[in-house]
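Now for the letters of each chain:
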Amino acid sequence: QVQLVESGGGLVQAGGSLRLSCAASGRTFRTYAMGWFRQAPGKEREFVAATTWSGTNTYHADSVKGRFTISRDNAKNTVYLQMNSLKPEDTAVYYCAASGTLMGSLTNIRMYGYWGQGTQVTVSS
């Protein structure tokens, strides 16, 4: 099992940057693929980015490609989401998630069995 705690959210002006962190407990962190999702008010939770257990392969939603970058440090049991050129439409609660499933697409929310509490990101225009 793994427990996840996000940090790094906040209020930022459009065009600014934030780096989210997700600290995981448990010695098996390096065996999990990790993802970031977000949920804006009145909308469904959506995929943002994901990385395989080794960090070799990463995936980003089209809406954030070229602006957001996911990375992980298995020695620190932490996954990051670097967010640059933020837009007001990026405003949402951002969730970190872990997937122990070997088969399937990491862009699919159903692949993830462990979730953090979320961190609010607000981008002002």
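The structure displayed is predicted, hence computed values, not measured ones.

**Student:** Whenever I open this one, the pattern of salt bridges confuses me. Can you help?
**Tutor:** It is possible for side chains bearing opposite charge to pair when their charged atoms get close. The final tally for this structure, using the stated rule, is 4 salt bridges. Between Arg-38 and Asp-90 there is a salt bridge, with the nearest N and O atoms lying 2.9 Å from each other. Separated by 52 residues along the polypeptide, Arg-38 in strand β4 (residues 33-39) and Asp-90 in the loop between β8 (78-83) and β9 (92-99) bring together distant segments of the chain. Taking relative accessible area as the criterion, Asp-90 reaches 1% and is therefore assigned buried. Two residues, Lys-65 and Asp-62, come together in a salt bridge whose shortest N-O distance is 3.2 Å. The exposure classification of Lys-65 matches that of Asp-62, with both residues exposed. Salt bridges sharing partners connect three or more residues here, namely Arg-38, Glu-46, Arg-67 and Asp-90.

**Student:** Got a minute to help me understand the nonpolar core in this structure?
**Tutor:** Generally speaking, a soluble globular protein has its nonpolar side chains buried in company with each other. One finds Met-34, Trp-36, Leu-81, Met-83 and Tyr-94 to be the most contacted residues of the largest nonpolar core, which totals 36 residues. For this core, the element with the highest residue contribution is β9, accounting for 5 residues. Excluding residues that lie within four positions of it along the chain, Leu-81 makes contacts with Leu-18, Arg-19, Leu-20, Trp-36, Val-48, Ala-49, Phe-68, Thr-69, Ile-70 and Tyr-94.

Cut-off values and rules
Residues numbered from 1 in each chain as written. Predicted model: local features only at pLDDT ≥ 70, side-chain atom pairs only at ≥ 80, totals over all residues. Heavy atoms only, no water. Salt bridge = Lys/Arg side-chain N within 4 Å of Asp/Glu carboxyl O. Helix = DSSP H or I, 4+ residues; strand = E, 2+ residues; numbered from the N terminus. Buried < 20%, exposed > 50% of the residue type's maximum accessible area, 1.4 Å probe, protein only. Core = buried A, V, L, I, M, F, W, Y, C linked by side-chain atoms within 4.5 Å. Contact = heavy atoms within 4.5 Å.

Everything listed is a geometric property; what it means functionally is a separate question.
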